[in-house]
Amino acid sequence: MFVTTADPVLEPPIITINTVLSLLALDYPANKLACYVSDDGCSPLTFYALVEASKFAKFWVPFCKKYNVQVRAPFRYFSNVAISKSEESLEFKQEWLQMKDMYHNLSQNLEEVTSKTIPFQLDGEYAVFSNTEQRNHPTIIKVIFENMDGLSDQLPHLIYISREKRPQYPHNYKAGAMNVLTRVSGLMTNAPFMLNVDCDMFVNNPKIVQHAMCILMDSKSGKEVAFVQCFQQFYDGIKDDPFGNQWVAVFEYIVRGMAGLQGPFYCGTNTFHRRKAIYGVYPDETGSRRNGKLEEKILIQQFGSLEEFVKSAAHAMEGSAYSANDITPSSFIEAAIQVADCGYEDGTWWGKQMGWLYGSLTEDVLTGLSMKRRGWRSECCTPDPIAFTGCAPGGLLSTMLQQKRWFTGHTVIFFGKHSPLMCMLFGKIQFRAGLSYFWVSTLSLRGVFLVCYIALLAYCMITNTNIFPKGLGLWIPITLFVIYNVYTLLEYVKIGLSMRQWWNNQRMCIVRTTTASFLGFLNGMVQLSGLSDIAFDITEKEYPTSSADENSTDAGRFTFNESPVFVIGTTILLVYLTAILIKFWGLQPTHSGNGSGLGEFICSTYVVVCFWPYLKGLFARGNYGIPLSIMCKSAVFAFVFVHFCRSNGLS
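Reading the values: rules and limits
Along each chain, residues carry numbers from 1 onward, in the same order as the chain's sequence is written. For this predicted model, a pLDDT threshold of at least 70 governs which residues receive local features, and a threshold of 80 or more governs which side-chain atom pairs are given and counted, while totals over whole chains, interfaces and linings are taken from all residues. To get the side-chain values, all heavy atoms of the structure are used, and hydrogens and water are removed first. A run of H or I in DSSP becomes a helix once it reaches four residues, and a run of E becomes a strand once it reaches two; helices and strands are each numbered from the N terminus. The rule for a salt bridge is simple: a side-chain nitrogen of Lys or Arg has to be within 4 Å of a carboxyl oxygen of Asp or Glu. Relative accessibility decides the category of a residue: with a 1.4 Å probe and only protein chains considered, values under 20% of the type maximum give buried, values over 50% give exposed, and everything between is partly exposed. UniProt positions are given in the numbering used here, feature names are shortened, and annotations may be inferred rather than shown by experiment. Expected helix span is taken as 1.5 Å per residue step, with the number of steps being one fewer than the number of residues. We call two residues in contact when some of their heavy atoms are within 4.5 Å. Residues scored as positive are Lys and Arg, those scored as negative are Asp and Glu, and His as well as the terminal groups of each chain are ignored. DSSP calls a pair of strands paired once it identifies at least 2 bridges connecting them. To obtain each axis, a line is fitted to C-alpha atoms, and for helices this fit is confined to the stretch in contact; angles are then taken between N-to-C directions over 0 to 180 degrees. By convention here, the domain bounds are inherited from an automatic or database domain assignment. Summed over both partners, the accessible surface that disappears when two parts come together, traced with a 1.4 Å probe, is what is meant by buried area. Identification of polar contacts relies on pairs of N or O atoms within 3.5 Å, with a donor-acceptor requirement for protein atoms, meaning one able to donate a hydrogen and the other able to accept it, and with residues adjacent in sequence counted only if both atoms are side-chain atoms.

1. Examining unusual backbone geometry
For the bond running from Asp384 to Pro385, omega is 5°, close enough to zero to count as cis. Position of Pro385 relative to the elements: it lies in the loop between strand 11 (377–381) and strand 12 (388–389). Located in the positive-phi region is Asn68, a residue other than glycine, with phi close to 55°. For Asn68, the position within the fold is in the loop between helix 2 (44–66) and helix 3 (74–80).

2. Side note on the pattern of salt bridges
Under the defined criterion, the tally for this structure stands at 14 salt bridges. Residue Arg163 pairs with Asp40 through a salt bridge whose shortest N-O separation is 2.8 Å. Here Arg163 is found in the loop between strand 4 (157–162) and helix 5 (173–188), whereas its partner Asp40 is found in the loop between strand 2 (34–39) and helix 2, with 123 residues between them in sequence. The class of Asp40 is buried, set by a relative accessible area of 7%. For Glu91, the salt bridge identified is with Lys66, shortest N-O distance 2.7 Å.

3. Considerations on the UniProt feature "transmembrane region" (unreviewed entry) in the protein
Taking the UniProt record as the reference, the feature "transmembrane region" (unreviewed entry) is found at residues 437–460, 472–490, 565–585, 597–614 and 626–645. The annotated region residues 472–490 carries 84% helix and 0% strand content, and the separation between its end C-alpha atoms amounts to 27 Å. Secondary structure over residues 565–585 splits into 95% helix and 0% strand, and the C-alpha atoms at its two ends are 32 Å apart.

4. Some remarks on helix 10 (residues 307–318)
An α-helical turn contains 3.6 residues, so any two residues separated by three or four positions project in the same direction. Taking 1.5 Å per residue, twelve residues should reach 16 Å; helix 10 reaches 17 Å between its end C-alpha atoms and fits that length. Every buried residue of helix 10 is listed here: Phe309, Val310, Ser312, Ala313, Ala314, Ala316 and Met317. Positioned one or two residues after helix 10, Gly319 has a phi angle of 80°, which is positive.

5. Quick notes on the environment of Tyr48
Looking at where Tyr48 falls in the secondary structure, it is placed in helix 2. Separated by 322 residues in sequence, Tyr48 and Ser370 have C-alpha atoms that sit 37 Å apart. If sequence neighbours within four positions are ignored, Tyr48 has contacts with Asn109, Leu110, Val113, Phe120 and Tyr126.

6. What to know about the UniProt feature "binding site: Mn(2+)" (unreviewed entry) in the protein
According to UniProt, the positions carrying the feature "binding site: Mn(2+)" (unreviewed entry) are Lys174 and Asp198. These annotated residues cover 25 residues of sequence, but their C-alpha atoms sit close together, with the largest distance between any two at 10.3 Å. Examined against the element boundaries, Lys174 turns out to sit in helix 5. Setting aside residues no more than four positions away along its own chain, Lys174 makes contact with Thr4, Asn196, Asp198, Gly268 and Glu363.

7. Concerning the side chain of Asp240
Turning to its location among the elements, Asp240 is positioned in the loop between strand 7 (225–230) and helix 7 (248–258). For the buried Asp240, no salt bridge exists, and the shortest N-O distance to an oppositely charged side chain is 5.0 Å, to Lys239. What Asp240 contacts, discounting residues up to four positions off in sequence, is Ser498, Arg500, Gln501 and Asn504.

8. A few points about the sheet that holds strand 8 (residues 271–274)
By definition, the strands of a sheet pair up through backbone hydrogen bonds, in either a parallel or an antiparallel sense. The mixed open sheet is built from eight strands, whose spatial order is 3-4-2-1-5-8-7-11. The open sheet has two edge strands, strand 3 (140–145) and strand 11, and neither has a second partner. Neighbouring strand axes in the sheet, compared pairwise and without regard to direction, differ in orientation by 20° on average. The sheet contacts of helix 2 involve strand 1 (2–5), strand 2, strand 3 and strand 4, and relative to strand 3 the element is tilted by about 15°.

9. Let's talk about the domain arrangement of the protein
In many reports, interface size means the accessible area that the parts give up when they come together. Partitioning the protein into domains gives domain 1 (2–232 + 267–392) and domain 2 (421–543 + 551–649). Here domain 1 and domain 2 have C-alpha centroids that lie 39 Å from each other. At the interface, 24 residues of domain 1 touch 16 residues of domain 2. Across the domain 1 to domain 2 interface the summed buried area is about 1,800 Å²; carbon plus sulfur atoms make up 70%. Its largest share of buried area at the contact with domain 2, domain 1 owes to Leu10, Leu361 and Arg373, together 29% of the area lost on that side. If you look at where domain 1 meets domain 2, you find three residue pairs in polar contact (both at pLDDT 80 or more). The element that contributes the greatest number of residues to the side of domain 1 that touches domain 2 is helix 12 (residues 363–373), accounting for five residues.

Dropping the structure here:
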């Protein structure tokens, strides 16, 4: 079980330990589980939080299994469960109160430590964190808890990993962290299946491992399944999804629809992987053999020079992983440190033909696409209750930055050597499955076309020209627009979503496509041109203080800052307000031909309505108002565009 975190500020340790505690308490034999936490922030706070959480887990895990607790992340359990039922036993009430007090003390302890300038002395176990920087430090691997006796009713192994980082070596963001986790776990436990979750995605169904194993170990078609994808669902989501970041309809229709082809795409979290598939093996391949033994030279070229890891990889590819009694994680710490070094991957296949692939900020889609190219399938796993739940970005800026990162990665995939077209022509991706990957990888390209359409429409309003027919011909685009919106509305209603949520998603589709998608495309093209490397923006995880966040007066309100991502939206709004004023004041040039009419006016009004939160931001103050610097930059761009239109229109 892999948990990844990268920043103790944007991803508070209290969130990470709740995810870890829910994994340690899974309804599965503990001697067959191992939890690895990758800390790319190299934070002693994260390590300290895990050590304290492991102490609490010795009481929390037996409590969950004794009383068959469903939600095993403590902060969610204690916020949703009360002990007011009279039929509950006195023993349960006493233990419940004891667990709640212990968790409250744990949370309070972490909060106090985090708030201090110098949390604690870096000595003893924490001495390795002294003189370290986030992007310049040696490998740190700590076995926090080890199931020495291999007992099924104890806790699983818990291992902390902070891979080596040096300024002169690219660290390849999350893909690099996942490859280190794969190699370290291959030495320490070498399980044939791996689960990866983001640090904020806790277990909501404790039997999810059994559900996934039923698919991966199915006697008929399980051997062809590279990974099992569980849907994402978010706790305490703001009512009606004002930022359009909960993706309920996308998972219900797009991802579930892909399951009927070669399976859904890899979504980056809540995914069970087959180790053989991650190692680059084909579904019908058992490994390269010579005289009954795996070719050692080939394996060293693929996996690296460490003999112990090559041996574990050979076992995994043959399907004969070590038994639990043959391995103790602590006996492989020195070897694990070697495979986590910056230079270990040099000259190997890691990140190129095996493991999590490098080159795109959306390493999940790229890696899943590569596995499908080799002929693997994937499956959806949608148990009731849902398998995992997490926290969606809590504000407009977090949403935009997250989606800009996605769109940047999609652009690189579409124009790269692993594009869906190349995988269909030279790989084993079926035609319809390839079309579904085209839908994913072209998300960023839509921003370019939509910005062009919006610019053309504004040009028509300013210059008194038209792109829509008049008279009866206007009913054709109007009818198509109505049919599309009615159809999508019915899709939302069918799965129990509100009309307001449908509208919020329609509005945000226009906003994010013209802003985050457009910027993501530009970033992707810059990366492909080699002019600059694109930074990985970590999405801020917000730890809720209560279960009533959606009732807050600030919940769902649009906040702004001086981020460049708001310049495009503000510019579009100012251009359209200017275009509408020009039409109403009769400042359009006159032509002998047809000028702009009802079609152009309706579409212009629709664009302004979609950017209504930006319009309110022009007049609001504080965080709810668009900063003056953004308005000035946008006003300059808008003035240049309007001046260009007027000059061409008059000529």
